[in-house]
Amino acid sequence: MRILVCVKRVPAPGARINITADGQEVDTAHLAFTTSPHEECAVEAAAQLIEQHGGEATVLTLGPGEAEEQLRYAASVGMHKGVLLPTTDGEWDPQRTAAAITAAIRELEAADGAFDLILFGNESADSGGFQVGIRVAYALGRPMVNGAKGLTVDGGTAHVQREADAGRETYELPMPAVIGIKEGINLPRYPTMKGRLASKKAEVATLAPAADPGGLAKVVLARPAEKKSETIILGHGPEAAPAVVDVLEEIGVL
Amino acid sequence: MSEVPATAKCVVIGAGIVGNCLVGHLAKLGWTDMVLIDKGPLPNPGGSTGHASNFIFPTDHNKEMAFLTVDSQNQYIEYGVNNTCGGIEVAREPERLEEFNRRMTSAKTYGIEASLITPAEVKELVPFINEDIILGGYYTPTVSVVDSLQMGTLMREEAVNAGKLKVFANTEVHDIETETVDGITRVTAVVTDKGRIETDCVAIACGVWSPRIAEMAGANIPLTPAVHQMADVGPIEVLVESNKELAYPIIRDMDTFCYERQSAGSMEVGSYAHRPIFMHPDEIPSNEESPLSPTELPLTYDDFDPQMEQAIELMEMLGDAEIKYAINGLLSLTPDAMPVLGETPEVRNLWSASAVWVKEGPGIAQLVAEWMTYGYPRMCDPHGSDIARFYEHEKTEHHIYARCAEHFNKTYGIVHPREQWASQRGMRRSPFYAREEALGAVFFDARGWERPQWYESNADLVERYPVACEAREHEWDARWWSPIINGEHMHMREHVGMVDLTAFNEFDFEGPGTLAFLDRMTVNSCNVPVGRSIYTPVLTADGGFRSDLTIMRLGDQHFRVITGAFDGGRDKYWFTRNLPTDGSVTFTDKTSGICTIGVWGPKAQATMAKIVTSQHQPYDVTQAGFPYGAVRDVLIDGVPCTMFRISYVGENGWEVYTKMEHGLRLWDTIRDAGAEFDIRPVGIGVYAVTGRIEKGYRLMGAELESEYNPVEAGLARPKVKSADFIGKEAYLKARQEAETSGPAAIMCTLSMDSQMSASGIKRYPVGGNEPIVTPDGNRIVDSHGRPSRVTTAGSAPSLDTYLLLAYLPPEHAVEGTKLGVVYMNEQYPVTVARVGSQPLFDPNDDRMKTDPS
């Protein structure tokens, strides 16, 4: 089977994100970059499907030239090739991004045949627009399910599970289809050393993205007020036990 | 949120391995009312300790580091946080096997158990290694992994529980306040985000942040944060199955500058092979901005990739292991790869305990604690780590980055004891530089000074003195050396030579209190007539060597201290630190204004007689008119000069001092006057090694260290001056002990009986702490636990032998005693040729003190 996974280069989470003085960009001075967590799971899902069913997985991103790093990372954990849609003018809005990706997919499919599955992350870790996957699916006229926490393939059908308020929803989609993967569907593997070394040799194609800006424009970024956490020492040694019990009762675990 | 106390006796900043152990040791030494602060949380505030690989390979060629590493390991053992797993350094290149022989030698010196093993034996210990690509291993069974965070916690809590220490985590230092009174700047308070602490003692143990904290007080701690790449890969079946944190010895893949250390089910792979990557202390992210910690930055994979390939080559199983954790870990590098310890020269009572690695942390903490308590460390001499060693140009970021970039990839490198720096050269040049360069001088670096080690223009002397100038067969012995040195030596002994000594430091002291001040600083009396000189030890309070130097009395209230390039910074600190504050003595560093030429040899007097005058009158340069040890102002072809009749090479002659701007003319004048006697420029190879060792003259930092006293060094005079001086009480005690039971060790000169190796090559120990052993190969250790080791080694061309200097315990310090020296793991027979300081060459100093015939 042929799978395409679309990923986005985002600042690595886990630390305070600073914003530039003009409020227009994330201050990247101290930041590492990574792939959005949902998309890391999409890459893992693709890797597992290929392991089960054979075939080829391609990873695609639209972003700055440095986003090649994320393509190579995906290659180090099982993706076969990469496609980079390089941008030089900052963050693209969801509409424009979707249009450019759609055009790229059409070009890739025209050359090598249709992708059975196109996987997106449920939403990006930075801007969180929840839009690109669904816009691409709509433009390609393919069925889509978002929020996938389970994915199997059986002949020409993709079986998708997702969590609902009470229980699980199950979908069956005729392929080719588009799936929005949600974190938790799997535990993404780390690259192996061999994987990392092989990824340096992976083929990464560059396609020039072209699309008109959409309607969503950034006004300003602001950081929410920091929640100050304070450590209260309940005591030392066995004498602390009653106070610990009080807290456990208070938060309802006892 | 708790506020800090308003006052404290001592504030230690930084709760990594060093800060924690420092408060622990200070508490043991009786300090109370201490405060320890760190901007990060405990037990891991986010500095380099938190991500250290924590292993200890005890072998080091550097005596100071070897001692502190072994001592630290013992402290980790004492606190129950030392996990012994053994360690193997493996060789891929033949040159590395030679280095292993050298490591075996150092291990012998310091009493470290070690052995050389074959690839098959490596495989037995580490079954997953690819033995086909290695040539052998250097196995140290005592290699261990320590829990540095737990060690720090235990030391810190010990001080807390004793009621001597209060600890404040998550507390950021905003300022260190100082005040300047009578020209002396001292620390007064530490300002934090939780309040201000008045204190008159602050220690900076902030690792990579130390420079910016020191800067708050106006002091300079020269180091740079630098990246060490490390990845944790796993799980790996064989390691998981071992069911142990450490089931296998740590491997150091020396020729790829890489290590593999088990960490339970996974392997830590670390590298010193990548390009040097530095970061400014101000650019390090805060704890809040760091996903892992401020010193655990994201791995830059491109730099690490070649190491992965090499690691897989050595251990194939690593290839399929997942990279779970990978960092550009920050650690501290200094321009000379040594720690930065002691009181900052800029600010009194502001201490640095910086650029220290986990392997030597507890030992160095103890050393600094002793320094703060007793005025100088007791456990070992710290001169290599002393913060005062740096000259101004060595404290710049320019210098730090250049030198660190040069030595980073030598972390696992094979570094020759005589190895020269390639970067930051030409920083300080004498006025004779152009002449020397034209003569083919091969320049060695002396703390920025370019000093000719020998002159290619003297190559003809090799043919003239074929026996003395025998070539060295082994490349290692011949590296950074030339037979021309021995030719220059012979020529100087037979004719006359001129030596550029501009790298000397000249410190002038003037004023009514000068004599009393200098008498307090020195062992030998400074109360000599104007125009005379003093050679004297300078002692620590405990009676060990802090320095040795020469002082000229230029006027009733005017003295000039002359000391060498390698100790100038430390001596300047020590003398100015003790300067009276009442204005009775002024200090002037004249170093940059004065150049010096040594003129020595049987024809030195004839040379100088031609050109030295007093105004238009010829000057009497005979021993009668200008005796040994005298200092005189003269004219040399009209150039005002100060001549000092003395010699460090055992020849008749002078050190001639003049102002820098007169230097070139002075050089040319002496050269021209000496032309009829075939005067030759002579390099430092003669001055510092061959000439010196034939005379048995001691050198600070080699023979002279704070662990030894003047009695042991053979430098005690018959009488002790009545004036009080630093170290007097301890010195008197040492003399008393020597009288009743003999000194614990005596400096001796040993002569090599045979230099022939088993493979039939004549070898020449380089003087890198090679052990002196009994004829049957046992280590020699004195009653104070100090091993006998070579402090200087060198050719003695005029005695047709090869000499070694070493301290020996009294039972071996007997002339004629047969012993051995181990060099490159092979033992050579030696004989004790001289006990004490009487020279082997010209024992009565006739050449220096009588007119040449």
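Not measured: the values here are computed from a predicted model.

Participant: Whenever I open this one, the overall build of chain A confuses me. Can you help?
Facilitator: Counting secondary structure elements, chain A contains 6 helices and 12 strands. Counting only C-alpha atoms, chain A reaches 70 × 45 × 40 Å along its principal axes. Counting all 254 residues of chain A, 38% fall into the buried class. Sequence separation of 24 or more characterises 72% of the internal contacts of chain A that already satisfy a separation of 6 or more.

Participant: Teacher, can you tell me more about the overall build of chain B here?
Facilitator: A tally of helices and strands in chain B yields 22 helices and 42 strands. Its C-alpha atoms give chain B a radius of gyration of 28 Å, near enough to 29 Å, the size a compact globule of 853 residues would have.

Participant: Explain the interface of chain A and chain B here, please?
Facilitator: Often, the extent of an interface is quoted as the loss of accessible area upon association of its parts. At the junction of the two partners, chain A supplies 17 residues and chain B supplies 21 residues. Taken together, the residues that form the side of chain A that touches chain B break down as 7 nonpolar, 4 polar and 6 charged.

Participant: What exactly am I supposed to notice about the domain arrangement of chain B here?
Facilitator: As assigned here, chain B comprises domain 1 (10-46 + 150-222 + 336-391), domain 2 (84-141 + 225-333), domain 3 (512-584 + 710-742) and domain 4 (594-684). Class assignment for the residues of the side of domain 1 of chain B that touches domain 2 of chain B results in 4 nonpolar, 4 polar and 1 charged.

Participant: Looking at this structure, how should I read the sheet that holds strand E8 (residues 144-146) of chain B?
Facilitator: For sheets, the rule is that strands pair by backbone hydrogen bonds, running either parallel or antiparallel. Residue and element names in this part refer to chain B. One open sheet accounts for 3 strands, arranged E3-E8-E4; its pairing is antiparallel. Looking along the sheet, the strands with just one partner apiece sit at the ends: strand E3 (55-56) and strand E4 (82-84). Note that E3 and E8 share 2 bridges and pair antiparallel. Across the sheet, Ile56 pairs through a bridge with Ser144, a residue of E8. Taken strand by strand, helix H2 (residues 63-78) contacts E3, E4 and E8, and its axis lies near 105° from that of E4.

Participant: What should I look at first to understand the packing of helix H1 (residues 17-28) of chain B against helix H5 (residues 148-161) of chain B in this one?
Facilitator: Two measures define how a pair of helices packs: the angle their axes make with one another and the distance between the axes. Residue and element names in this part refer to chain B. The geometry of H1 relative to H5 is characterised by a closest axis approach of 8 Å and an angle of 30° between their N-to-C directions. For the pair H1 and H5, the crossing hand works out as left-handed. Here Ile17, Asn20, Cys21, Val23, Gly24 and Ala27 of H1 come into contact with H5, specifically with Ser148, Met151, Gly152, Met155, Arg156, Glu158 and Ala159. For the contact of H1 with H5, a count of residues per class yields 7 nonpolar, 4 polar and 2 charged.

Participant: Teacher, can you tell me more about the nonpolar core here?
Facilitator: Nonpolar side chains in soluble globular proteins generally cluster together in the buried interior. Residues and elements named next belong to chain B. Ile13, Leu22, Met34, Val202, Ile204, Ala353 and Val368 are the most contacted members of the largest nonpolar core, which has 136 residues in total. Both domain 1 (10-46 + 150-222 + 336-391) and domain 2 (84-141 + 225-333) contribute no fewer than three residues apiece to this core. Apart from the residues within four sequence positions on either side, Leu22 is in contact with Val12, Ala203, Ala205, Ala353, Ala365, Val368 and Ala369. Phe517, Met521, Ile551 and Ile772 belong to the second-largest nonpolar core, a separate cluster that totals 123 residues.

Participant: When you look at the confidence of the model for chain B in this model, what are you seeing that I'm missing?
Facilitator: Low pLDDT means the predicted coordinates in that region are not meant to be read closely. For chain B, mean pLDDT is 97; residues scoring 70 or higher make up 100% of the total. The complex model carries a pTM of 0.94, and its ipTM stands at 0.86.

Participant: Looking at this structure, how should I read the environment of Gly30 of chain B?
Facilitator: Tracing the backbone shows Gly30 of chain B in the loop between H1 and strand E2 (34-37). Note: C-alpha distance between Gly30 of chain B and Thr373 of chain B (343 residues apart in sequence) is 8.9 Å.

Participant: Looking at this structure, I do not really get the packing of H1 of chain B against helix H9 (residues 361-374) of chain B. What am I missing?
Facilitator: Residue and element names in this part refer to chain B. At a closest axis distance of 8 Å, the pairing of H1 and H9 adopts a crossing angle of 45°. Taken as axis vectors, H1 and H9 run oblique relative to one another. In this structure, H1 meets H9 at a crossing whose hand is right-handed. Each of Ile17, Val18, Cys21, Leu22, His25 and Leu26 in H1 lies in contact with H9, whose residues at this interface are Gly361, Pro362, Ile364, Ala365, Gln366, Val368, Ala369 and Met372. Looking at the contact of H1 with H9 residue by residue, the classes come out as 11 nonpolar, 3 polar and no charged.

Participant: Before we go on, may I ask you to explain the sheet that holds strand E38 (residues 772-773) of chain B in this structure?
Facilitator: All names here are of chain B. One open sheet accounts for 6 strands, arranged E38-E41-E42-E37-E40-E39; its pairing is antiparallel. This sheet does not close on itself; its edge strands, each paired only once, are E38 and strand E39 (790-796). Examined bridge by bridge, strand E37 (residues 746-752) and strand E40 (residues 801-808) share 6 bridges and lie antiparallel to one another. Residue pairing for E40: Leu750 is matched across the bridge by Leu804. Along the sheet, helix H19 (residues 684-695) makes contact with E39 and E40, crossing E39 at roughly 100°.

Participant: Please explain the environment of Gly121 of chain A as it appears in this structure.
Facilitator: Here Gly121 of chain A is to be found in strand E6 (residues 117-121). Taking the C-alpha atoms as reference points, Gly121 of chain A and Val5 of chain A, separated by 116 residues in sequence, lie 8.6 Å from one another.

Participant: Sorry, what's going on with unusual backbone geometry here?
Facilitator: Phi is mostly negative for residues that are not glycine, and the peptide bonds are mostly trans. Residue and element names in this part refer to chain B. Residue Pro43 is bonded to the preceding Leu42 through a cis peptide linkage, with omega at 10°. Structurally, Pro43 is set in the loop between E2 and E3. Residue Pro235 is reached from Gly234 by a cis peptide bond, and omega for that bond is 0°. Even without a glycine there, the phi angle at Asn54 is positive, about 70°. Within the secondary structure, Asn54 sits in the loop between E2 and E3. Residue class for Asn54 comes out buried when judged on the 24 C-beta atoms lying within 10 Å of it. Even without glycine at this site, Arg447 takes up a positive phi of about 50°.

Participant: I keep staring at the environment of Ala243 of chain A and nothing clicks. Help me out?
Facilitator: Residues and elements named next belong to chain A. In this fold, Ala243 is placed in helix H6 (residues 241-250). A residue is classified by how many C-beta atoms lie within 10 Å of it, and Ala243, with 13 of them, is partly exposed. Sequence spacing of Ala243 and Val253 is 10 residues, and the spatial spacing of their C-alpha atoms is 14 Å. With residues near it in sequence (within four places) discarded, Ala243 still touches Leu234 and Gly235.

Participant: What's the story with H5 of chain B in this structure? I'm lost.
Facilitator: It helps to recall that an α-helix has 3.6 residues per turn; residues three or four apart then point in one direction. Residues and elements named next belong to chain B. With 14 residues, H5 should cover 20 Å at 1.5 Å per step; its first-to-last C-alpha distance of 20 Å lies within 8% of that length. If you check which residues of H5 are buried, you get Ser148, Leu149, Met151, Gly152, Met155, Arg156 and Ala159. Projected down its long axis, H5 shows its buried positions confined to an angular sector of 165°, all on one face. Contacts from the buried residues of H5 go to H1, E2, H2, E8, strand E9 (165-168) and H9. Phi turns positive one or two residues past the end of H5, at Gly163, with a value near 75°.

Definitions and limits used
Residues numbered from 1 in each chain as written. Chains lettered and ligands numbered in written order. Predicted model: local features only at pLDDT ≥ 70, side-chain atom pairs only at ≥ 80, totals over all residues. Helix = DSSP H or I, 4+ residues; strand = E, 2+ residues; numbered from the N terminus. Buried ≥ 20, exposed ≤ 12 C-beta atoms within 10 Å, placed from the backbone. Contact = placed C-beta atoms within 7 Å. Rg over C-alpha atoms; globule rule 2.2 N^0.38 Å. Nonpolar A, V, L, I, M, F, W, Y, C, P; charged D, E, K, R; others polar. Domains from an automatic or database assignment. Pairing = 2+ DSSP bridges. Axes fitted to C-alpha atoms, helices over the stretch in contact; angles between N-to-C directions. Left-handed = near helix turned anticlockwise from the far one by under 90°. Core = buried A, V, L, I, M, F, W, Y, C linked by C-beta atoms within 7 Å. pLDDT = per-residue confidence, 0-100. Parallel < 35°, antiparallel > 145°, perpendicular 65-115°, else oblique. Expected span 1.5 Å × (residues − 1). Arc of directions from axis to C-beta.

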